[in-house]
Amino acid sequence: GILDNNDRDRGSHFAMGEVSYEFLEEYTWFLRGTYAGSDFDRTSDRSGVNRDSEEVSVLAGIQFEVSRLIDGEIGVGYFERQYDDPTLPDIDGVDYNVELEWSATPLLSVTASGSRSVEETIIAGASGSLDHSGGLAVDWRILRNMTIDADVHYTNSEFEGTGRSDDLITAGMGASYAFTNNVAAVLSYDRTDRDSSVNASDYDENTVTFGLRLSL
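Computed from a prediction, not measured in an experiment: that's the story for all the values here.

1. Examining the sheet that holds strand 9 (residues 165-178)
Two modes of strand pairing occur in sheets, parallel and antiparallel, and in both the strands are linked by backbone hydrogen bonds.
Next up, step 1: If you walk across this open sheet you meet the 11 strands as 1-2-3-4-5-6-7-8-9-10-11, and the pairing is antiparallel. Looking along the sheet, the strands with just one partner apiece sit at the ends: strand 1 (10-24) and strand 11 (203-214). The mean inter-strand angle of the sheet, taken between neighbouring strand axes irrespective of direction, is 15°.
Next up, step 2: Bridge count between strand 4 (residues 70-83) and strand 5 (residues 91-105): 12 bridges; the pairing is antiparallel. Bridging from a neighbouring strand, Val76 pairs with Tyr96 of strand 5.

This is how it looks when you write it as structure tokens:
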């Protein structure tokens, strides 16, 4: 049969404002406020609930660059997401975001990241997925026209309003070879593993992709 997923369709709107102050050379304090809203095309999903929501968050932290080798951003704050449907529990708590990039050489860079966020879901009884994520990525230009990359990411998802918890690990590696400034061949391999507290929700997936990338 055909599975109807049209209750996932939605429109999103987003706004952000930020103030910053450079208190030392290459060191800047910042205060960032964001607003995000989701308006689903259907007034109710397959469980009969309205998943429209609004989220407000405030993040304060520091942006920095150390010896032109390491740069990044570290921020901590607070977020709150409210749902239109009274049966869906609101989600709030400590917000954080970490992004660090190490330029080991002019041709090799390593990036580490971590964050907390609320993602949409249509799982019955859950208002949203509260995700804690972390990752590591490496990008290496081994030739003037050839680059290889690899990354690994971990996400723990807590589905608010239920006892469900998922652990998701994704890892991949790839290469690109540029024939010209506008045409490149790309090859990648990605693996995904999900370990869920709900029976029959575990899965693993392997994907190999090959193609041409065109740019203007």
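2. Structural notes on the pattern of salt bridges
Where charged atoms from two side chains of opposite charge come close, those side chains can pair.
Next up, step 1: Under the criterion given, the structure shown has 8 salt bridges.
Next up, step 2: For Arg32, the salt bridge identified is with Glu73, shortest N-O distance 3.0 Å. On the criterion of sequence distance, the pair formed by Arg32 in strand 2 (residues 27-40) and Glu73 in strand 4 is long-range, its members being 41 residues apart. Of the two residues, Arg32 and Glu73, neither departs from the other in class, the shared state being buried.
Next up, step 3: Salt-bridge contacts for Glu65 lead to Arg68; the nearest nitrogen and oxygen are separated by 3.4 Å.
Next up, step 4: What makes Arg68 exposed here is its relative accessible area of 66%.

3. What about unusual backbone geometry?
Next up, step 1: A positive phi angle, near 60°, is found at Arg68, a position not held by glycine.
Next up, step 2: Along the polypeptide, Arg68 turns up in the loop between strand 3 (53-66) and strand 4.
Next up, step 3: Of note in this structure, Ala200 is not a glycine but carries a positive phi near 70°.

4. As for the side chain of Asp85
Next up, step 1: For Asp85, the location among the structural elements is in the loop between strand 4 and strand 5.
Next up, step 2: Of the side chains bearing the opposite charge, Arg51 lies closest to the buried Asp85, which forms no salt bridge; the N-O distance is 8.2 Å.
Next up, step 3: Side-chain polar atoms of Asp85 contact the side chain of Thr87, separated by 2.6 Å.
Next up, step 4: Ignoring any residue separated from it by four or fewer positions in sequence, one finds Asp85 in contact with Val49 and Asn50.

5. Observations concerning the nonpolar core
Next up, step 1: In this structure, Val49, Phe79, Tyr83, Leu88, Ile91, Val118 and Leu130 together form the largest nonpolar core, which totals 7 residues.
Next up, step 2: Discounting residues that sit within four places of it in the chain, Ile91 has contacts with Phe79, Glu80, Arg81, Tyr83, Val118, Ser127, Gly128, Leu130 and Glu160.

6. Re the packing of aromatic side chains
Next up, step 1: All told, the structure shown has 3 aromatic pairs when counted by the stated rule.
Next up, step 2: Arranged with centres 5.1 Å apart and planes meeting at 25°, the rings of Phe23 and Trp29 form a pair that is stacked.
Next up, step 3: Ring centres 5.4 Å apart and planes at 70° place the aromatic pair Tyr177 and Phe179 in the edge-to-face group.
Next up, step 4: Owing to a relative accessible area of 53%, Phe179 belongs among the exposed residues under this scheme.
Next up, step 5: Among the aromatic residues, those joined into a cluster by ring pairs are Phe23, Tyr27 and Trp29.
Next up, step 6: The ring of Phe159 is capped by Arg164, whose NZ or CZ atom sits 5.1 Å from the centre of that ring.

7. Points about the pairing of strand 3
Next up, step 1: One ladder, built from 12 bridges, connects strand 2 with strand 3; its direction is antiparallel. Looking at the pairing, Gly33 lines up with Val58 of strand 3.
Next up, step 2: Sheet analysis places strand 3 next to strand 4, joined by 14 bridges and oriented antiparallel. Counterpart to Val58 in the pairing with strand 4 is Tyr78.
Next up, step 3: Counting the residues in the hairpin turn of strand 3 and strand 4 gives 3 residues, including Ser67, whose phi is positive at 55°.

About the thresholds
Residues numbered from 1 in each chain as written. Predicted model: local features only at pLDDT ≥ 70, side-chain atom pairs only at ≥ 80, totals over all residues. Heavy atoms only, no water. Pairing = 2+ DSSP bridges. Helix = DSSP H or I, 4+ residues; strand = E, 2+ residues; numbered from the N terminus. Axes fitted to C-alpha atoms, helices over the stretch in contact; angles between N-to-C directions. Salt bridge = Lys/Arg side-chain N within 4 Å of Asp/Glu carboxyl O. Buried < 20%, exposed > 50% of the residue type's maximum accessible area, 1.4 Å probe, protein only. Lys, Arg positive; Asp, Glu negative; His and termini not counted. Polar contact = N/O pair within 3.5 Å; in protein donor to acceptor, adjacent residues only side chain to side chain. Contact = heavy atoms within 4.5 Å. Core = buried A, V, L, I, M, F, W, Y, C linked by side-chain atoms within 4.5 Å. Phe/Tyr/Trp six-rings, centres within 6.5 Å; stacked < 30°, edge-to-face > 60°. Lys NZ or Arg CZ within 6 Å of the ring centre and 35° of its normal.

Keep in mind these numbers describe shape, not what the thing actually does.
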